[in-house]
Amino acid sequence: MKVLLVTGKLAKNLVKKYSSESSVESETIDLSTSVAALLKPRYILRELKARKVEGYDMVIIPGLISGDVSLIDEIGIPTFKGPRYAADIPFVLDLLGKVELSKTLPADDLLEEELRRRALEEIEAVNRSKDELLKRSWNILIRDLPIGRDFPVRIMAEIVDAPRLTDEEIIKRAKYYASSGADIIDIGMIAGECRPDDAERAVKAVRSTVDSLISIDTMDPREAEAAVAAGANLILSVDGGNIEEMASFASNTTVVVIPTNYRKQLFPEEPLERVGLIEENIRKAMDLGMNNIVADLILSPVISPGVVNSIVAFYEFEKRNPNIPLLMGVGNVTELMDADTIGVNALLTGIASELGVGILLTTEVSYKARGSVRELSLASPLMFLAKRRSSVPKDLGLDVLFMKEKKLKEESYDKRVEEKVKVIRSKSDLVRKMDPRGCFKILLDRDEKEIVTQYYPNYDLDRCSLIVKGKNAEEIYQTITDLELVSLFDHAAYLGSELQKAQIALNTGKNYLQDTTLFT
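Just so it is clear, the model here is predicted, and its values are computed rather than measured. (Residues numbered from 1 in each chain as written. Predicted model: local features only at pLDDT ≥ 70, side-chain atom pairs only at ≥ 80, totals over all residues. Heavy atoms only, no water.)

Colleague: Would you mind showing me how to read the side chain of Asp150 here?
Modeller: Tracing the backbone through its elements, the reader meets Asp150 in the loop between β6 (145-147) and β7 (154-159). Residue classification places Asp150 among the buried residues on the basis of a relative accessible area of 16%. A polar contact is formed between the side chain of Asp150 and the side chain of Trp138, at a distance of 2.8 Å. A polar atom in the side chain of Asp150 sits 2.8 Å from the side chain of Asn139. The contact partners of Asp150, leaving out residues within four places of it in the chain, are Val126, Leu133, Arg136, Trp138, Asn139 and Phe384. (Helix = DSSP H or I, 4+ residues; strand = E, 2+ residues; numbered from the N terminus. Buried < 20%, exposed > 50% of the residue type's maximum accessible area, 1.4 Å probe, protein only. Polar contact = N/O pair within 3.5 Å; in protein donor to acceptor, adjacent residues only side chain to side chain. Contact = heavy atoms within 4.5 Å.)

Structure (structure tokens):
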């Protein structure tokens with residue numbers, strides 16, 4: 001196959017560079033317009049006819065061009081939209097013949113969506129085969145949710161200190177977790193207190209608003225029994241100290257067994273000792289009639305006491321007990337480390353997938369850990385697909401990229417242009433004039449995920465006369481300028497800058513404080 005790549009003058013060298021990375025034969029021509037995005041389909045048709053283009057199997061034009069490019073087919077060569085960015089050209093060329101390009105949609109959108117569709121379809125095919133897969137001894141079914149190494153890792157999200165919350169607060173948290181991708185809502189009780197009425201109340205509150213599985217997170221048998229009676233599907237946790245009391249009512253409930261005996265203050269640090277204790281607890285649980293068992297070796301924080309030993313414990317247990325599903329609580333790592341959680345959660349999900357873990361439990365207590373449930377729910381299918389295909393978790397159509405991108409797509413700066421023009425250095429000591437039309441206070445409404453702009457015409461911050469709200473910075477400042485609420489260029493520029501900062505903070509979870517920097 002031989003492909004003709006059409007572009008503008010400015011992008012010609014970049015298009016040539018990236019197209020050379022593909023094994024598909026291609027040639028590049030630039031039309032007289034400098035900026036490729038400004039090319040029009042009819043103009044391209046006229047230029048290609050004038051140049052008597054022939055000998056190609058396909059013409060690909062820039063993805064940024066608007067409209068339908070079907071009319072260019074008049075030259076006798078099928079024409080399609082390519083990617084928006086030159087960096088994606090080799091990816092598009094190498095997939096020709098495998099995916100059909102579009103005459104209306106940019107190729108990068110089309111191909112990424114196709115890869116994503118195929119990835120999700122493969123995962124959905126696994127879910128459709130759950131009845132057959134559940135015949136394997138290492139998979140279990142909790143209500144209607146299959147769990148085990150043949151399925152994506154399921155995400156459990158804990159509502160911490162649920163007894164201290166009102167029903168409305170519990171419902172709000174449950175809805176948030178479910179919308180973030182949680183498969184199981186965990187009711188976190190308060191250690192050292194016995195509040196069975198609150199356990200029952202919390203389970204009923206969650207059940208009233210979401211259809212997720214519900215677990216009760218307590219070592220107190222009375223709280224666990226009340227929660228199970230109210231409809232809880234799992235108990236966290238059973239250990240050597242409470243196992244007999246739990247067995248009196250939990251024979252038909254899935255229980256998570258841990259390698260401890262808290263009544264005797266027993267929790268081994270050494271991996272093999274930890275494995276030995278949890279195996280002993282599991283044997284006791286089975287002898288007492290508890291057959292629906294999940295094991296949690298307890299993931300420890302990084303450095304102190306150290307995460308490696310606990311991972312080794314998971315590894316050794318899985319080798320010795322491949323038929324017992326695993327739960328891993330990752331909040332001990334993400335909550336107790338001052339690092340962005342998204343990469344940490346992706347890595348932990350990959351480790352969990354290697355170990356055959358079926359459930360990942362997390363919390364979102366600290367501000368820095370917010371979004372962890374969503375991050376894990378995105379990482380789970382990525383790691384599952386990589387494991388299923390025996391590949392690295394890369395180029396599968398799914399990703400957990402948020403602040404960074406896979407490829408550099410920005411236009412590079414040629415410093416030679418400075419040789420012919422005057423270069424002025426920006427100043428940081430400029431004094432901003434007060435706009436006679438008034439000022440604005442910018443805030444974030446996190447619940448509604450909106451930017452809030454309060455208008456004060458007389459600089460009296462006790463008297464807001466108008467609020468402009470929205471999710472998009474550009475729409476807000478356009479509304480403000482349409483209403484003629486600003487009269488100075490520097491005020492308009494300042495407002496645009498602050499609104500864009502607010503939008504970035506809203507999208508990333510960063511704190512937004514007007515007149516302060518987002519990133520240091």
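Colleague: I keep staring at the layout of surface pockets and nothing clicks. Help me out?
Modeller: Taking a probe equal in size to a water molecule and rolling it over the atoms shows the remaining empty space. As a volume, the largest pocket reaches approximately 2000 Å³. Looking at the lining of the largest pocket, the elements that each hand over two or more residues are β7, α6 (167-179), α13 (341-355), α14 (372-389) and α16 (489-508). For the lining of the largest pocket, a count of residues per class yields 17 nonpolar, 8 polar and 15 charged. (1 Å grid on protein atoms, 1.4 Å probe; cavity = no way out; pocket = protein on both sides within 12 Å on 5 of 7 lines; lining within 4 Å. Points joined across faces, edges and corners; volume = space filled by probe spheres on them. Nonpolar A, V, L, I, M, F, W, Y, C, P; charged D, E, K, R; others polar.)

Colleague: When you look at the packing of aromatic side chains in this model, what are you seeing that I'm missing?
Modeller: The geometry of an aromatic ring pair is captured by two quantities: the separation of the ring centres and the angle between the planes. Under the criterion given, the structure shown has 2 aromatic pairs. Where Tyr176 meets Tyr177, the ring centres are 5.5 Å apart and the plane angle is 40 degrees; that geometry is what we call tilted. Judged by its relative accessible area of 29%, Tyr176 is partly exposed. Taking relative accessible area as the criterion, Tyr177 reaches 1% and is therefore assigned buried. Over the ring of Tyr18 we find Lys17, and its NZ or CZ is 5.0 Å from the ring centre. Seen from the ring of Trp138, Arg149 lies directly overhead, with NZ or CZ sitting 5.0 Å from the centre. (Phe/Tyr/Trp six-rings, centres within 6.5 Å; stacked < 30°, edge-to-face > 60°. Lys NZ or Arg CZ within 6 Å of the ring centre and 35° of its normal.)

Colleague: Would you mind going over the pairing of strand β1 (residues 2-7) with me for this structure?
Modeller: Along a regular strand, successive side chains alternate from one face of the sheet to the other. For β1, a buried count of 5 out of 6 residues is recorded, marking the element as mostly surrounded by other parts of the structure. Bridging between β1 and strand β2 (residues 25-30) involves 6 bridges; their strand directions are parallel. If you follow Val6 over to β2, its bridge partner there is Ile29. With helix α1 (residues 12-19) bridging β1 and the parallel β2, this β-α-β connection has right-handed handedness. (Pairing = 2+ DSSP bridges. Right-handed = clockwise from strand over helix to strand, strands pointing away.)

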